Amino acid sequence: MNGRFTIEQGDITTYAVDAIVNAANTTLLGGGGVDGAIHRAAGPDLLAECRTLHGCDTGEAKITGGYRLPARYVVHTPGPIWHGGTHGEPQLLENSYRNSLTAAWNAGCRTMAFPSISTGVYRFPLDQAAHIAVRTILDFLREHPEMNRVTMVCFDSRTRRAYESAYQKLR
Ligand code: APR
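Please read all numbers here as calculations on a predicted model, not as lab measurements.

### Observations regarding the pairing of strand β4 (residues 73-78)
Step number 1: With respect to burial, β4 is a largely interior element, 6 of its 6 residues being buried.
Step number 2: The two faces of β4 match: Y73, V75 and T77 on one face and V74, H76 and P78 on the other face are all buried.
Step number 3: Taken together, the 6 bridges between strand β2 (residues 19-24) and β4 define a ladder with parallel strand orientation. Along β4, the bridge assignment pairs V21 with V75.
Step number 4: Sheet topology places strand β3 (residues 62-65) next to β4; 4 bridges connect them, and they run antiparallel. Across the sheet, the residue bridging to G65 is Y73, located in β4.

Written as structure tokens, this is what we have:
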């Protein structure tokens, strides 16, 4: 398992994997944070394709091309906005990870990179999000031995430490 799940600090737009995951919103029409970075790096054709998708429900995932990105595909998933934890947020976050993994798998992807979904603008508590993310990814890797590598790309050291801590408990 070790080699197939990795936690790194970096910029997900630089990852030359089969699919990177975008922490989008339900319009799929771009935004700030990692969504903004991915659209800037991919170029205008990404937005043009996103317009044809007519949005995406929270926890669901839709796949597009990667355009100018080094990644072949982008999987867009709106994570849940944190409203205190009593509005199904944990399950919706798990859905975002699982549905993104499934969408990429079904498109033939065997290497993927995730950002830390919902822990920025959407204010999902980082440690709880990291636990859900790592548990869901590890479960999927156990169920899909042919998925070669999933990388959690953390934008800062605080996020990286949270994911490393979650992984130590779940491995
Ligand atoms: N590479 C990897 N991670 C990044 C990058 C990047 N280039 N830029 C930001 N991040 C990290 C943030 O530091 C945070 O840890 O992605 C994580 C998710 O934060 P957000 O991008 O704010 O996403 P989220 O909390 O899911 O909120 C989504 O924000 O940008 C809008 O359109 C988006 O409305 C949606 C909302």
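That covers the picture; the talk isn't over yet.
### Focus on the nonpolar core
Step number 1: F5, F114, M152 and Y163 are the most contacted members of the largest nonpolar core, which has 37 residues in total.
Step number 2: The set of elements that each furnish at least two residues to this core consists of β1 (5-9), β2, β4, α3 (89-106), β5 (111-114), α4 (126-143), β6 (149-154) and α5 (157-170).
Step number 3: If you tally residues by element for this core, the top one is α4, at 10 residues.
Step number 4: Residue contacts for Y163: discarding those within four places in its chain leaves I7, Y97, S116, L126, A129, A130, A133, V134, M152 and C154.

### Comments concerning the site of the ligand
Step number 1: As a structural note, the neighbourhood of the ligand is formed by 21 residues, with G32, V34, D35, S118 and G120 the closest of them.
Step number 2: Here V34 contributes a backbone N or O atom positioned 2.8 Å from an oxygen atom of the ligand.
Step number 3: Y122 places a polar main-chain atom, nitrogen or oxygen, 3.1 Å from an oxygen atom of the ligand.
Step number 4: Against a free-state accessible area of 700 Å², the protein chains account for coverage of 90% of the ligand.
Step number 5: With respect to the pocket detection grid, the ligand is positioned in the largest pocket.
Step number 6: Those elements that place two or more of their residues in the shell around the ligand are β2 and α1 (33-42).
Step number 7: Examining the composition of the shell around the ligand, we find that 4 residues originate from one element, α1, more than from any other.
Step number 8: Residue composition of the shell around the ligand, by class: 9 nonpolar, 10 polar and 2 charged.

### Observations regarding the pattern of salt bridges
Step number 1: Summed over all chains, the structure comprises 4 salt bridges.
Step number 2: A salt bridge links E143 to R98, with the shortest nitrogen-to-oxygen separation between them at 3.5 Å. Separated by 45 residues along the polypeptide, E143 in helix α4 and R98 in helix α3 bring together distant segments of the chain.
Step number 3: By relative accessible area, E143 is classed as partly exposed at 47%.
Step number 4: With its nearest N and O atoms 3.1 Å apart, the salt bridge here joins D139 to R142. Taken together, the residues D139 and R142, both in helix α4 and 3 residues apart, mark about one turn of the helix.
Step number 5: The exposure class of D139 is partly exposed, given its relative accessible area of 26%.
Step number 6: For R142, a relative accessible area of 47% puts it in the partly exposed group.

Quick notes on the rules
- Residues numbered from 1 in each chain as written.
- Predicted model: local features only at pLDDT ≥ 70, side-chain atom pairs only at ≥ 80, totals over all residues.
- Heavy atoms only, no water.
- Buried < 20%, exposed > 50% of the residue type's maximum accessible area, 1.4 Å probe, protein only.
- Helix = DSSP H or I, 4+ residues; strand = E, 2+ residues; numbered from the N terminus.
- Pairing = 2+ DSSP bridges.
- Core = buried A, V, L, I, M, F, W, Y, C linked by side-chain atoms within 4.5 Å.
- Contact = heavy atoms within 4.5 Å.
- Near = heavy atom within 4 Å.
- Polar contact = N/O pair within 3.5 Å; in protein donor to acceptor, adjacent residues only side chain to side chain.
- Areas by Shrake-Rupley, 256 points an atom, 1.4 Å probe, with all protein chains shown as cover.
- 1 Å grid on protein atoms, 1.4 Å probe; cavity = no way out; pocket = protein on both sides within 12 Å on 5 of 7 lines; lining within 4 Å.
- Sits in = over half its atoms within 2 Å of the grid points.
- Nonpolar A, V, L, I, M, F, W, Y, C, P; charged D, E, K, R; others polar.
- Salt bridge = Lys/Arg side-chain N within 4 Å of Asp/Glu carboxyl O.

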